[in-house]
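Survey of secondary and tertiary structure
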Amino acid sequence: MATTEAAAEAGHSAGMPQLNFETWPNQIFWLLVTLVIVWFVVAKIAMPRIGGVLAERKGTIGKDLAAAEELKAKAKAAEGAYTAALESARAEAAKIIAATKADIAKTLAAATAEADAKIEAKSAESEKRIAEIRAGAEAAVAEVARDTAGALVSALGGQADAGAIEAAVSARLKG
Amino acid sequence: MAEEGGLVIDPMHQFQIVPLGGGDHIGLFTVTNQTLWLGIAVLVITLLLLVGTARRSIIPGRLQSIGELLYTFIHDMVEEVTGHDGAKFFPYLMVLFTFIVTSNLLGLIPGSFAPTSHIAVTAVLAAMVFLTVTLVGFYRKGLGFLGMFWVSSAPLVLRPVLALIELISYFVRPLSHSIRLGGNIMAGHAVMKVFAGFAGVMGVASVVPIAAIAAIYGLELLVAVVQAYVFTILTCVYLRDAVGEAHH
């Protein structure tokens, strides 16, 4: 390797190859060719493509974010509607409960009043009957006492005086 | 080298431009080793940016990711440094960066050839930037473009002196612009060659220069990217003079 390169080098001027101006036109020519090709590849094809992809990605991300935002708002609205429905159902139920309670109380009060009236009537009648019975019983007791007294008097050999016995029995009964 | 005996190191030999077809005459259209590596750079760029993005997927693959990374990197650089008016130079800067970074990195393949190590190449690139900046500056601002040499914030007596300095610095720009890139790449490659020469004659102790080559290789990878970046961002800075509103 050393020999061939040394031979090649011998043909050129010594020192820095960079300062060998004989090669400059060649270098500049091929550099310009290269730059033109790179320009086409990079600036004309690759950059619009990459720029497009980046813009598209930005758009997609923005759209996705907007969609997510929208869905979030929808979910929130749905939750609100659900809560409102629940709330109104609860209020409705409370109203129904209150109405039913009032209804029941009214019915109950009416029934109680009726029952009270009936009980009142019944007890008045009963008292009347009891009074009758008592009166009857008292009469019966007087009768029995009179009869017994009369029988006792006659058994003892006396003559029963109806008026005296009557007076005696009445006095005893009162006593 | 061995048959010549002793330590013979020719670090500049690797930059020799030789015709691929043999012989040593180099005409305008002669295909040389440099032409070959320029062509390989074109192929790599095409593969990376055209084949890689051919599917235009919303969810990018690996090659497309590299292309997109490159695109957004240069795009942000142009927006930040040159300003909004510089946006139309985005393709130009993209071409510059892509070409330079590809050539630099391909040049680091052992046995390859780095076109960007040649002043002829970097000088053309820098001259193109210089011409673009000057023409665009005069086209956009007319004679007002010369206002950038007249530092209105300085005391009046100093202004002519500063104008002279600014003018000189303006014309030195393409020189520094091109030699910075070419010199960096050339120096790195030459240093590695020098160490490789040491490794050839040091026997067992060669591990030292070989380790040094490995370390310098890592550094050169960094330099390859950073110099492409520097060249591009300096172009942005120069373009800002031509299109931007304020100066300094």
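Residues numbered from 1 in each chain as written. Chains lettered and ligands numbered in written order. Predicted model: local features only at pLDDT ≥ 70, side-chain atom pairs only at ≥ 80, totals over all residues.

1. Looking at the overall build of chain A
On a plain count of helices and strands, chain A comes out with three helices and zero strands. Helices and strands appear in chain A in the N-to-C order α-α-α. Since a compact globule built from 175 residues should have a radius of gyration of about 16 Å, the 66 Å found for chain A marks it as more spread out than a globular shape. In terms of overall dimensions, chain A has a C-alpha envelope of 195 × 35 × 20 Å along the principal axes. Each of the 175 residues in chain A was classed as buried or not, and the buried ones make up 9%. (Helix = DSSP H or I, 4+ residues; strand = E, 2+ residues; numbered from the N terminus. Rg over C-alpha atoms; globule rule 2.2 N^0.38 Å. Buried ≥ 20, exposed ≤ 12 C-beta atoms within 10 Å, placed from the backbone.)

2. Overview of the packing of helix H2 (residues 24-155) of chain A against helix H3 (residues 162-174) of chain A
Residues and elements named next belong to chain A. Where H2 contacts H3, the two axes come as close as 10 Å, and the packing angle between them is 130 degrees. By the angle class used here, H2 and H3 are oblique. Regarding H2 and H3, the two cross each other, and that crossing is right-handed. Here Val141, Ala142, Ala145, Arg146, Ala149, Gly150 and Val153 of H2 come into contact with H3, specifically with Ile165, Glu166, Ala168, Val169 and Leu173. Grouping the amino acids of the contact of H2 with H3 by side-chain chemistry returns nine nonpolar, one polar and two charged. (Axes fitted to C-alpha atoms, helices over the stretch in contact; angles between N-to-C directions. Parallel < 35°, antiparallel > 145°, perpendicular 65-115°, else oblique. Left-handed = near helix turned anticlockwise from the far one by under 90°. Contact = placed C-beta atoms within 7 Å. Nonpolar A, V, L, I, M, F, W, Y, C, P; charged D, E, K, R; others polar.)

3. Structural notes on unusual backbone geometry
Residue and element names in this part refer to chain B. Although it is not a glycine, Arg56 sits at a positive phi angle of roughly 45 degrees. Considering the arrangement of structural elements, one finds Arg56 in the loop between helix H1 (33-51) and helix H2 (62-82). Using a count of 12 C-beta atoms within 10 Å as the deciding quantity, one classes Arg56 as exposed.

4. Side note on the confidence of the model for chain B
The share of residues in chain B with pLDDT of 70 or more is 96%, and the mean pLDDT across the chain is 88. Overall, residues 1-5 of chain B carries pLDDT values under 50, and its contacts beyond four positions in sequence, including any with other chains, amount to three contacts. (pLDDT = per-residue confidence, 0-100.)

5. Some points on the interface of chain B and chain A
Of the residues lining the interface, 41 residues belong to chain B; the matching set on chain A comes to 37 residues. Where the side of chain B that touches chain A is concerned, the elements lending two or more residues are H1, H2, helix H3 (90-106), helix H4 (119-141) and helix H5 (159-201) of chain B. Counting residues per element, the side of chain B that touches chain A draws most heavily on H1 of chain B, at nine residues. Broken down by class, the residue content of the side of chain B that touches chain A amounts to 25 nonpolar, 13 polar and three charged.

6. Side note on H1 of chain B
Residue and element names in this part refer to chain B. Here H1 spans 26 Å end to end across 19 residues, near enough to the 27 Å set by a 1.5 Å rise per residue. Gln34, Thr35, Trp37, Leu38, Ala41, Ile45, Leu48 and Leu49 are the residues of H1 that are buried. Each buried residue of H1 lies within a common arc of 165 degrees when the element is viewed along its axis, so the set occupies one face. The exposed residues of H1 that point more than 90 degrees off its buried face are Leu47 and Val51. (Expected span 1.5 Å × (residues − 1). Arc of directions from axis to C-beta.)

7. As for H2 of chain A
Taking 1.5 Å of rise per residue, the 132 residues of H2 of chain A would be expected to cover 196 Å, and the 183 Å separating its terminal C-alpha atoms lies within 8% of that figure. The sharpest bend along H2 of chain A reaches about 40 degrees and sits at Ala46 of chain A, with the proline Pro48 of chain A one to four residues further on. With 12 of 132 residues buried, H2 of chain A is to be regarded as a mostly surface element. When we look at burial in H2 of chain A, the residues that qualify are Asn26, Gln27, Trp30, Leu31, Thr34, Val38, Val41, Val42, Ala46, Met47, Ile50 and Val53 of chain A. Buried residues in H2 of chain A make contact with H1, H2, H3 and H4 of chain B. Backbone geometry just downstream of H2 of chain A places Gly157 of chain A in the positive-phi region, at approximately 100 degrees. (Bend = angle between axes of the 7 residues up to and from the residue.)

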